[in-house]
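Overview (structure and organization)
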Amino acid sequence: MAGSSRVSGGNVAAASTYSRVWEAARQIGLTPRQVASPVAGRPYDLRHAAMSLWLNAGVPATGVAERAGHSVDVLLKVYASCIDGQEATVNRRIEDALGGWC
């Protein structure tokens, strides 16, 4: 059934139900400023935020991809642009691996 999902007990919940519940949860869990922003506008946004956070925290792409249910190739095509601020760490790891040869 398009626009719906099976829920507990095998019942079907319409996509509009999810939208209403999600918006109510945003009103409860976020500040008024955050509610007015696109922060967590959809449940999927939390998934995207988690993948970006994990990659930026240095979790190997293979581990993030496994948790996301993606191949590493798909993960990096989607999230590579979200990885930021790791240049110094990467450079240090390369230097360490080369044993000071660079």
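Structural notes, computed from the coordinates. (Residues numbered from 1 in each chain as written. Predicted model: local features only at pLDDT ≥ 70, side-chain atom pairs only at ≥ 80, totals over all residues. Heavy atoms only, no water.)

With 8 residues, the main nonpolar core is built from Met51, Leu55, Ala61, Val64, Ala65, Ala68, Leu75 and Tyr79. Sorting the residues of this core by element identifies α3 (43–56), α4 (61–68) and α5 (72–79) as the ones contributing at least two each. Top contributing element to this core by residue count: α4, with 4 residues. Those residues in contact with leucine 75, other than ones at most four positions away along the chain, are Leu55, Ala61, Val64, Ala65, His70 and Ala80. (Core = buried A, V, L, I, M, F, W, Y, C linked by side-chain atoms within 4.5 Å. Buried < 20%, exposed > 50% of the residue type's maximum accessible area, 1.4 Å probe, protein only. Helix = DSSP H or I, 4+ residues; strand = E, 2+ residues; numbered from the N terminus. Contact = heavy atoms within 4.5 Å.)

When its volume is computed, the largest pocket comes out at roughly 170 Å³. Around the largest pocket, the lining residues are Leu55, Asn56, Ala57, Gly58, Val59, Pro60, Ala61, Ile83, Gln86, Thr89, Val90 and Arg93. Breaking the lining of the largest pocket down by element, the ones donating at least two residues are α3 and α6 (87–97). If you tally residues by element for the lining of the largest pocket, the top one is α6, at 3 residues. Here the lining of the largest pocket is composed, by residue class, of 7 nonpolar, 4 polar and 1 charged. (1 Å grid on protein atoms, 1.4 Å probe; cavity = no way out; pocket = protein on both sides within 12 Å on 5 of 7 lines; lining within 4 Å. Points joined across faces, edges and corners; volume = space filled by probe spheres on them. Nonpolar A, V, L, I, M, F, W, Y, C, P; charged D, E, K, R; others polar.)

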